[in-house]
Amino acid sequence: MKSNYTFTIIKPGAVSNEHIGPILAMINKAGFHITAMKLIRLSVRQAQVFYEVHKDRPFYGELVEFMTSGPVVVAILEKANAVEEYRKLIGATDPSKAEDGTIRKMFAESIQKNAVHGSDSDENAKQEMNFFFARTERFNRDGSCCVMEY
Ligand code: CMP
């Protein structure tokens, strides 16, 4: 049974270019419900830990630098089969390969400044949600607080 929840980050470039509103509108229009959300600036340590799986990749240092260069929006999204559905909506990591109508095709500047992050598996989604959101910051579909774990 696939999880109904995924995690996203609207990255610094998309935030500074005033794309938060249009991106959230696409998310809602695609049928996702936002159950948790905040605007924060990542510390270097937070970005390093979040992207630890990429620590041996040549782009890791630059990725951490970019992700800490300004505020980001972090959010938890709810929809049936959320991880896969959201990855379809955002499109390929490399925006030159992203399909028309996807968030990255519309708002990404480059593979690094690719507008948004989306979890790639239910297991990672859970880890990423837990990394950023306390139980008191997670809401049920009916608006009630507080969710221990999605
Ligand atoms: P994201 O979905 O946040 O997950 C890891 C990020 O690493 C990815 O989006 C890209 O922004 C970045 N990334 C992946 N591959 C490359 C690459 N070849 N060069 C630069 N950045 C990359």
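Provided above is the structure to which this section pertains.
This section reports on the structure supplied with the text.

1. A few points about the environment of Ala-47
Inspection of the secondary structure puts Ala-47 in helix H3 (residues 44-50). Note: C-alpha distance between Ala-47 and Ala-98 (51 residues apart in sequence) is 25 Å. Not counting residues within four places of it along the chain, the set of residues in contact with Ala-47 comprises Leu-42, Val-64, Met-67 and Thr-68.

2. Notes on helix H4 (residues 60-67)
Within H4, burial applies to Tyr-60, Leu-63, Val-64, Phe-66 and Met-67. Axial view of H4: buried residues confined to an arc of 165°, hence all on one face. The exposed set on the far side of H4, more than 90 degrees from its buried face, consists of Glu-62 and Glu-65. Check the buried side of H4 and you find it contacts strand S1 (5-10), helix H1 (12-16), H3 and strand S3 (72-78).

3. Some remarks on the site of the ligand
All residues in the neighbourhood of the ligand are listed as Lys-11, Tyr-51, His-54, Phe-59, Leu-63, Thr-93, Arg-104, Ile-111, Gln-112, Asn-114 and His-117. Note that an oxygen atom of the ligand is positioned 2.6 Å from one of the side-chain N or O atoms of Tyr-51. Here an oxygen atom of the ligand and a side-chain polar atom of Arg-104 are 3.2 Å apart. Protein contacts shield 79% of the accessible area of the ligand, which totals 450 Å² for the unbound molecule. Partitioning the shell around the ligand into residue classes produces four nonpolar, five polar and two charged.

4. Quick notes on the nonpolar core
If you look at the biggest cluster of nonpolar residues, it comprises 23 residues, and the most contacted ones within it are Phe-7 and Met-67. At the level of secondary structure, the elements contributing two or more residues to this core comprise S1, H3, H4, S3 and helix H7 (122-132). The leading source of residues in this core is H4, at five residues. Residues contacting Phe-7, with those up to four places away along its chain left out, are Phe-50, Val-74, Ala-75, His-117, Gly-118, Ser-119, Ala-125, Glu-128, Met-129, Phe-132 and Phe-133. Ranked by size, the runner-up nonpolar core spans 20 residues in total, among them Val-15, Ile-23, Leu-24 and Ile-90.

5. Topic: H7
When H7 is considered as a whole, its buried residues turn out to be Ala-125, Glu-128, Met-129 and Phe-132. The buried residues of H7 occupy an angular sector of 100° when the element is viewed end-on, so they sit on one face. Opposite the buried face of H7, by more than 90 degrees, sit the exposed residues Glu-123 and Gln-127. Where H7 is buried, its residues meet S1, strand S2 (33-40), H3, S3, helix H5 (82-90) and strand S4 (116-118).

Basis of the calculations
- Residues numbered from 1 in each chain as written.
- Predicted model: local features only at pLDDT ≥ 70, side-chain atom pairs only at ≥ 80, totals over all residues.
- Heavy atoms only, no water.
- Helix = DSSP H or I, 4+ residues; strand = E, 2+ residues; numbered from the N terminus.
- Contact = heavy atoms within 4.5 Å.
- Buried < 20%, exposed > 50% of the residue type's maximum accessible area, 1.4 Å probe, protein only.
- Arc of directions from axis to C-beta.
- Near = heavy atom within 4 Å.
- Polar contact = N/O pair within 3.5 Å; in protein donor to acceptor, adjacent residues only side chain to side chain.
- Areas by Shrake-Rupley, 256 points an atom, 1.4 Å probe, with all protein chains shown as cover.
- Nonpolar A, V, L, I, M, F, W, Y, C, P; charged D, E, K, R; others polar.
- Core = buried A, V, L, I, M, F, W, Y, C linked by side-chain atoms within 4.5 Å.

Taken by themselves, the reported measurements are silent on function.
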